[in-house]
Every structure is written in structure tokens, then in C-alpha cells.
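Fold and contact review
Chain by chain, the residues run as shown.
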Amino acid sequence: MKKFLGLLVLIVLLNGCDDGKLTVDTIDFENVSGASSCGEIIYKLKESEALFMNIPASENAFVNDETLEGKPREILIEGEVTVKYRSYNGKVSKDNICEIAGPITPAATSEWIAKSGTILVTTKAIYSATNTETGQKKILRYSHTIVYKNIVFLKSDGTEQKYDTFTFGDYETQATVLPFSFASIALQRCSSKTKIFSARNTGNESLVLENVDSNLIPNNTGTITQSISTTSNKLVYRLYESPLPSTALQLDYFCGNTTPDLPAIKEEWIATEGTIKVETTTSGGLLHKISLKNVTFKRGNSTFYFGNDMLFGELLLRN
């Protein structure tokens, strides 16, 4: 019996010895939905755990534009770009992450700080449901999928832990609202006849048809349809930084040889496909009703479908 007990104690002691290997802890926030932000901090919370990063706006990590397939944005974890994991002795809230002088409870029990690695951001547009009347599909927001590559955490006990691939999850940003409120505004044409435009100072926007084909606006009644391209019949939508002076968007802004630097353009979208339909009747002159059919706009790598048949406006040319 003594020999048996001695052998049992020896087995226990051997199993309790440190074999020199690090204990592997894991952190996993992939299935925690709804990443949030406060300033430049993006974070996820899970009961008594928090995973958060600080990415300065200058890194352009979350630009509202789709990334190309297989080409995410890459941001190195260094300098002001930080990634941290914390565990707490109670339920954590955003105030523990976002407030400089946050609540003292719950208290952090451990902190891991990323010392190296790369943040990969893949961005996709999220669209509205198709408008049953117009066929239009708007971009509502952008989803940014965040993955850490070769990230190395320095843990509270001084040891390191590396993840070859670590998925943070999705973070969403709202798309800019593009009013496109031109239908009730009379169109104007430059004296060169190569540019037709509609502008709203109160809406901070303009829609311009540039390099107009000489046959698009006829000198007689009838209907003409031509294609939109990025050269002839180029259709450009601009949203400007607000507020705009009441005289900002006038003939001299649109009809010069170059577009002025002011007012500053916030977003510019160019039609890449579609057609222009011009219906000409007589009404105190030649009245040209201009419609845009099956138009798709593009900015960077993002696109949206403007609609099946949308009114641009009416251009009245008096005799």
C-alpha cells in the first residue's frame, strides 16, 4: 500500500511540473455583432471582456468606398494605431473604453496590448431594397470587415501570444445622403451649348451634362435618345460642402473652362452607363424634357443604380 501511495504522489508531482510551454489563452469576438465607435476608437464588448482599437482618421481605414476583391486596406499596428484586449471583474460598458475618466468599476483584471501586426479592412456597400416604382437602389451604409494578420499581443504577465489570423468582425458606417432633388428645377445651358445643368444652393448639389452631343438638343420637335459615356454626354453629380452662399452655383461656376475650387466638392459621382431621352415640344419656344434612363453612377469602386426612368428636368429655349 505504501508503494502504491508513493507511486501515486510521484505521478501527481510529475503532472504538476511546468514543462516550459506557455498556457494558450484565446480571445474570440467574431460572433459578437455590432461593433461600435467613439471618436477614433472602434470596439466590441462581451460581458466582462473588451476588444478595441484606435485608428487615426488620417489612416483612412474606414473610407466609404468598396475595396477591390482580394485587396483590403492594410494598416500597420504601430505608433498611434493600437489594438488592446481587456478582461474585467464585472460587466463592462462603453464608458470603460470611451471615457478618459471612466467608471472605476468594473476593474480591469488583465490587459493585452498588440505590439505588432496588420489590420486588414475589406469594405462592401449595403444597398436599399429596390424601389418598386423607379427601380432605384441607394447605398445605405458600408460594412467594413476587420481582420488582424500576424498580430502579436503582449500579455499582462509579460508573455506573448500570436495569432496568424484573428477576425474582429464587421463595423458599419453610414453612407452620405444624396438628395438628387432636381426634377422641379428648370435646366440651364451654357452659351457654348456643350453643358446643361441643374443646381440647388439650398440642397448643396448639382447635376451636370457635359460635352453635350450637338444633335442631342434639336431645333425641331420630336424625340431623341443617346447614350451616356464618360466623354460625350458625360453626366456628373456633385454634392458640395455646406453651407453654400446663395450665389455659389451660378452660370459662371458651370460655364468656365475649368471647375472652380470653391465651393468645395464633398462627393462626385459620374454616370458610367445609361441613356438620355429628350422629348421636344413647343411652349413659348422649344421645350426639351430630358429624362435619364437606366443610369448607373460610380465613385471610386462604389456604384448605385439611379433608376429606370428619372426626370432630369426641362430646358426651355425661346425663339
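Now for a description of the structure that goes with this document. (Residues numbered from 1 in each chain as written. Predicted model: local features only at pLDDT ≥ 70, side-chain atom pairs only at ≥ 80, totals over all residues. Heavy atoms only, no water.)

**Structural notes on the pattern of salt bridges**
This is how the line gets drawn: Salt bridges are counted wherever a side-chain nitrogen of Lys or Arg sits within 4 Å of a carboxyl oxygen of Asp or Glu. Only protein chains enter the accessibility calculation, which uses a 1.4 Å probe. A residue is then buried if its area is under 20% of the maximum for its type, exposed if over 50%, and partly exposed in between. Secondary structure elements are defined from DSSP: runs of H or I of at least 4 residues count as helices, runs of E of at least 2 residues count as strands, and each element is numbered from the N terminus.
Under the definition given, this model contains twelve salt bridges. A salt bridge links K46 to E49; the shortest N-O distance between them is 3.7 Å. Here K46 falls in the partly exposed class, since its relative accessible area comes to 26%. Close ionic contact of D309 with K293 constitutes a salt bridge, the shortest N to O distance being 3.3 Å. With D309 in strand β16 (residues 302–317) and K293 in strand β15 (residues 286–299), the pair connects residues that are 16 residues apart, well separated along the chain. One connected set of salt bridges, linked through shared partners, spans E210, R238 and E268.

**Topic: the layout of surface pockets**
Applied cut-off: Of the two site types, the cavity is a set of points on a 1 Å grid over the protein atoms alone where a 1.4 Å probe fits but cannot get out, and the pocket is an open set with protein on both sides within 12 Å along at least five of seven lines, each lined by residues with an atom within 4 Å of a point. Grid points are joined across faces, edges and corners, and a volume is the space filled by probe spheres set on the points. Here the term charged refers only to Asp, Glu, Lys and Arg, the term nonpolar to Ala, Val, Leu, Ile, Met, Phe, Trp, Tyr, Cys and Pro, and the term polar to all other amino acids, Gly among them.
Here the largest pocket defines a volume of roughly 380 Å³. As for the largest pocket, its lining consists of 21 residues, of which Q136, K138, L178, F180 and F304 are closest to the centre. Where the lining of the largest pocket is concerned, the elements lending two or more residues are β7 (139–154), β14 (265–282) and β16. When grouped by side-chain class, the residues that make up the lining of the largest pocket number 16 nonpolar, two polar and three charged. Taken as a whole, the second largest pocket holds about 190 Å³ of empty space. Taken together, G39, E40, I42, I55, P56, A57, N60, A61, F62, V63, Y171 and T173 form the lining of the second largest pocket. Split into classes, the residues belonging to the lining of the second largest pocket amount to eight nonpolar, three polar and one charged.

**Digging into the nonpolar core**
This is how the line gets drawn: Think of a nonpolar core as a cluster: buried Ala, Val, Leu, Ile, Met, Phe, Trp, Tyr and Cys residues, connected wherever their side-chain atoms sit within 4.5 Å.
Of all hydrophobic cores here, the largest spans 31 residues; its most connected members are F180, I196, L207, L235, Y237 and F297. When residues of this core are traced back to their parent elements, those giving at least two are β7, β11 (205–210), β13 (234–240), β14, β15 and β16. At five residues, β16 tops the list of elements feeding residues into this core.

**Considering unusual backbone geometry**
That bond from S242 to P243 is cis: its omega, -5°, falls within 30 degrees of zero. Cis rather than trans, the peptide bond between L262 and P263 has omega equal to 0°. Mapped onto the elements of the fold, P263 is located in the loop between α3 (251–254) and β14. A positive phi is found at K193, a non-glycine position, where the angle reads about 70°. Inspection of the secondary structure assignment puts K193 in the loop between β9 (188–189) and β10 (195–200).

**Some remarks on the environment of E30**
Where we set the bar: Residues count as neighbours in contact if any of their non-hydrogen atoms are within 4.5 Å of one another.
Among the structural elements, E30 can be located in the loop between α1 (2–16) and β1 (36–38). Relative accessible area serves as the criterion here: at 46%, E30 is assigned to the partly exposed category. For the pair E30 and P72, spaced 42 residues apart in the sequence, the C-alpha separation amounts to 18 Å. Ignoring sequence-local partners within four residues, the contact set of E30 consists of K44, T167 and F168.

**Description of the state of the cysteines**
Two cysteines, two sulfur atoms, one covalent bond between them: this is a disulfide. As a reminder of what qualifies: Pairs of cysteine sulfur atoms within 2.5 Å are what we label disulfides.
Summed over the entire model, instances satisfying the criterion amount to two disulfides. Each sulfur in the disulfide pair C38 and C98 lies 2.0 Å from the other. Taking the sign of the S-S torsion, about -85° here, the bridge from C38 to C98 comes out left-handed. Taken together, the residues span a long stretch of sequence, with C38 in strand β1 and C98 in helix α2 (residues 95–98) at a distance of 60 residues. The class of C98 is partly exposed, set by a relative accessible area of 24%.

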